[in-house]
Amino acid sequence: MKKIFLFLLIPTILSAQNKVSFDEYMKAQASLYRFNGNVLLAKNGNVVYQGSFGYADFQSKKLLDSNSVFDCGSIAKEFTAMGILLLKDKGKIDFTDTIGKFFPELPYTNVTVRQLLTHTSGMPNGFSVVVKLFDHNKIATNKDLIRLLAIEKPPLNFKPGTNLMYSGTGFNLLACIIEKITGQDYKTYIKENIFTPLGMMHTQVANRPRPAGDIEGLAYGYVYSDSLKNYIRYDSLISPWTTCLAGITGEGMIVTTTGDLLKWDRALKNHRLLKETTQQQMLSKQAERTAVPLVTFGYGMRIEKNDFGNCFFHNGYYPGYVSQHVHYTDDDVTTIVLSNNESNADFIADALVGIVLNKNTMMPVIHNETPNKAVSDKYTGRYMMRLATPPYMVEFPVELVIKNEALTIHTASSDILLKKESPAKFFFANGTDQQLEFETDASGNVIKVWHTAWGVKKEMQRQL
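Anyway, here's the lowdown on the structure attached to this text. Quick caveat, the model's predicted, so the values are computed rather than measured.

**Regarding the pairing of strand β24 (residues 456–463)**
Part 1: Summarising the sheet, strand β23 (residues 446–453) and β24 pair through five bridges and their orientation is antiparallel. Within β24, the position partnered with Trp450 by the bridge is Glu459.
Part 2: Adjacent in sequence and paired antiparallel, β23 and β24 are bridged by two residues, among which Trp454 carries a positive phi angle near 55 degrees.

**So, helix α1 (residues 22–33)**
Part 1: For α1, with twelve residues, the first-to-last C-alpha span of 16 Å sits near the 16 Å given by 1.5 Å per residue.
Part 2: Of all the positions in α1, only Phe22, Asp23, Tyr25, Met26, Ala28, Gln29, Ala30 and Tyr33 are classed as buried.

**Quick word on the pattern of salt bridges**
Part 1: Inspection of the entire model under this criterion finds 14 salt bridges.
Part 2: Two residues, Asp214 and Arg208, come together in a salt bridge whose shortest N-O distance is 3.0 Å.
Part 3: Judged by relative accessible area, which is 35%, Asp214 ranks as partly exposed.
Part 4: Lys457 serves as the salt-bridge partner of Glu437, at 3.9 Å between the closest nitrogen and oxygen. Of this pair, Glu437 sits in strand β22 (residues 434–440) while Lys457 sits in strand β24; the two residues are 20 residues apart in sequence, bridging distant segments of the chain.
Part 5: Residue classification places Lys457 among the partly exposed positions, given a relative accessible area of 27%.

**Some points on helix α8 (residues 186–195)**
Part 1: All of the buried residues in α8 are Tyr186, Tyr189, Ile190, Asn193, Ile194 and Phe195. All buried residues of α8 project into a common sector of 155 degrees when viewed along the axis, lining one side.
Part 2: Turning to α8, the residues buried within the fold contact α2 (76–89), α7 (168–182), β7 (204–205), β10 (254–256) and α9 (258–269).
Part 3: Where α8 starts, the residue carrying a side-chain oxygen 3.1 Å from the main-chain nitrogen of Lys187 turns out to be Asp185.

**Thoughts on the packing of aromatic side chains**
Part 1: A complete count under the given rule lists 18 aromatic pairs for this structure.
Part 2: Between Phe35 and Phe53 the ring centres are 6.1 Å apart and the planes differ by 70 degrees, which places this aromatic pair in the edge-to-face class. A residue pair is termed long-range when its members are at least 10 positions apart, and Phe35 in the loop between α1 and β2 (37–43) and Phe53 in strand β3 (residues 46–53) qualify at 18 residues.
Part 3: Here Phe53 falls in the buried class, since its relative accessible area comes to 0%.
Part 4: When the centroid spacing of 6.1 Å and the interplanar angle of 70 degrees are considered together, the rings of Tyr55 and Phe58 count as edge-to-face. Per residue, the accessibility class of Tyr55 equals that of Phe58, and both read buried.
Part 5: Taken together, Tyr55, Phe58, Tyr222, Tyr224 and Tyr231 form an aromatic cluster joined through their ring pairs.
Part 6: Over the aromatic face of Tyr55 sits the side chain of Lys61, whose NZ or CZ is 5.8 Å from the ring centroid.
Part 7: When the ring centre of Trp450 is taken as origin, the NZ or CZ atom of Lys457, which lies over that ring, is 5.2 Å away.

**Considering the nonpolar core**
Part 1: Counting residues in hydrophobic clusters, the biggest one holds 85 residues, and the most contacted among them are Ile194, Trp264 and Met282.
Part 2: A total of eight residues in this core trace back to one element, the largest contributor, which is α2.
Part 3: For Met282, the contacting residues outside a window of four places in its chain are Glu78, Ala81, Met82, Leu85, Trp264, Leu268, Leu274, Gly298, Tyr299 and Met301.
Part 4: Met26, Tyr49, Val322 and Ala349 belong to the second-largest nonpolar core, a separate cluster that totals 32 residues.

**Concerning unusual backbone geometry**
Part 1: Positive phi is not limited to glycine here, since Lys61 has a value of about 65 degrees.
Part 2: Structurally, the position occupied by Lys61 is in the loop between β4 (55–57) and β5 (62–63).
Part 3: Lys61 gets classed as partly exposed once you look at its relative accessible area, which sits at 45%.
Part 4: In this model, Asn404 sits at a positive phi of 55 degrees, which is unusual for a non-glycine residue.
Part 5: Looking at where Asn404 falls in the secondary structure, it is placed in the loop between β18 (392–403) and β19 (406–410).

**Brief notes about the pairing of β2**
Part 1: Where burial is concerned, most of β2 is hidden: six out of the seven residues are buried.
Part 2: Inspection of the sheet shows β2 paired to β3 by seven bridges, in the antiparallel sense. Of the residues in β3, the one forming a bridge with Leu40 is Gln50.
Part 3: From the end of β2 to the start of β3, which pair antiparallel, there are two residues, and Asn44 there has a positive phi angle of about 55 degrees.
Part 4: Where β2 meets strand β16 (residues 333–339), seven bridges bridge the pair, whose relative direction is antiparallel. In the sheet register, Leu40 faces β16, and the bridge partner there is Ile336.

**A closer look at the environment of Ala42**
Part 1: Secondary-structure assignment places Ala42 in strand β2.
Part 2: Using a relative accessible area of 1% as the deciding quantity, one classes Ala42 as buried.
Part 3: Between the C-alpha atoms of Ala42 and Val333, which are 291 residues apart in sequence, the distance is 5.8 Å.
Part 4: Beyond its immediate chain neighbours, meaning those up to four positions away, Ala42 contacts Val47, Val48, Leu262, Asp332, Val333 and Thr334.

**Considerations on the sheet that holds β7**
Hydrogen bonding along the main chain pairs the strands of a sheet, whether they run parallel or antiparallel.
Part 1: With respect to topology, three strands assemble into an open sheet ordered β6-β10-β7, the strand pairing being antiparallel. At either end of the open sheet lies a strand with only one pairing partner, and these are β6 (70–71) and β7.
Part 2: For β7 and β10, the ladder comprises two bridges, and the chain directions are antiparallel. Bridged to Gln204 within β10 is Val255.

**Some details on the packing of α2 against α9**
Part 1: For the pair α2 and α9, interaxial distance at closest approach is 12 Å and the crossing angle is 40 degrees. Between α2 and α9, the angle is such that the two are oblique. Pair α2 / α9 crosses with left-handed handedness. Seen from α2, the contacting residues are Glu78, Phe79 and Met82; seen from α9, they are Leu261, Trp264 and Leu268.
Part 2: A class-by-class count of the residues in the contact of α2 with α9 yields five nonpolar, no polar and one charged.

So, how was this worked out
- Residues numbered from 1 in each chain as written.
- Predicted model: local features only at pLDDT ≥ 70, side-chain atom pairs only at ≥ 80, totals over all residues.
- Heavy atoms only, no water.
- Pairing = 2+ DSSP bridges.
- Helix = DSSP H or I, 4+ residues; strand = E, 2+ residues; numbered from the N terminus.
- Expected span 1.5 Å × (residues − 1).
- Buried < 20%, exposed > 50% of the residue type's maximum accessible area, 1.4 Å probe, protein only.
- Salt bridge = Lys/Arg side-chain N within 4 Å of Asp/Glu carboxyl O.
- Arc of directions from axis to C-beta.
- Contact = heavy atoms within 4.5 Å.
- Polar contact = N/O pair within 3.5 Å; in protein donor to acceptor, adjacent residues only side chain to side chain.
- Phe/Tyr/Trp six-rings, centres within 6.5 Å; stacked < 30°, edge-to-face > 60°.
- Lys NZ or Arg CZ within 6 Å of the ring centre and 35° of its normal.
- Core = buried A, V, L, I, M, F, W, Y, C linked by side-chain atoms within 4.5 Å.
- Axes fitted to C-alpha atoms, helices over the stretch in contact; angles between N-to-C directions.
- Parallel < 35°, antiparallel > 145°, perpendicular 65-115°, else oblique.
- Left-handed = near helix turned anticlockwise from the far one by under 90°.
- Nonpolar A, V, L, I, M, F, W, Y, C, P; charged D, E, K, R; others polar.

Shown next, in the form of structure tokens:
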């Protein structure tokens, strides 16, 4: 399909060390790999690049602009955590308070607020209970979630505090606790205590089906149909997300803009809403998973140190949308990427950070398969590889194997076919902007393997 680009032209950063510009990189992502969405990059709180690429409505060809509103998926958990921490600062809740204190009808009486905030509660999947028991012609609420969990009583996945497993249900319960303490619905509480004080005028809890025109500036979410070979609006499909799950809050259901998320980011940086000590707790390590996937959480926020420095972040997914908010604390760099056609926001955010920090960011290119498809078995082996696998973007163990005479990335859940571009370069056959490059010594032995994803080049560590 023909792509249209709309830019808010803010000076593009270039350097002698890095010849890739923001405009060049993003135009290539849009034209070659169909990125559709908005991006914003700020340093020291000042916007250095902002761009809109493609359409808010694919049918009418309405263009995106800087005020376009996107569902931010699990980035909503940042706001739910803030809602709890505001109550903590006011002395209305404590981290050691248990679910039993607020909802004695639930069987998870000893699970604490702190464990819910850090994904160490072991909570089962409450949405599966709603899908199983609730009328799909109606919209469930947080109260319905509590009622159905009390009826079904699904067991915990592990003893609370002994493991870490990402839990959307844990944050739904935190929203229920907010409502129990304040007597307000989650939507009203979050608006009055976070969005309005920070001037986030384009942000709201949108916990209901979203008919056309219901949310001003909404960029509709699109999913790609393999059968139709085209994008279709997700809200035109019938699924639990467009029916019974649409009214439950806490883990998602917030729409926002890149500009509003920058206001939020600055509030976190400058502890505008919380006491400074509480804000530091939110953005520092509170729980860590030591088994693969290796992840660290603060309160409602991922914490990480990578090649670009120390950061806090959260990514998000909702059908039709993928989002990323990341803040690098060492250099005070913030990147926000919101897509409404499920483009890979995580790695694109990484690439934009790489450009501003003068790291080695590569331009997207279209890869071509070589006629000589023979593959040497010297490339096979076990490696750690950074993959975007919702809800995580972390390093996973993978195995490079030869399958049906082709090099293949094998994981516990799937296989990814690689196509040969040159004797030492292979690109992903799934249409994503990724490739592997093998570095060899004089004897032809593999000494390093590089994974380039959406322009970000990182070494894959071999596992013995």
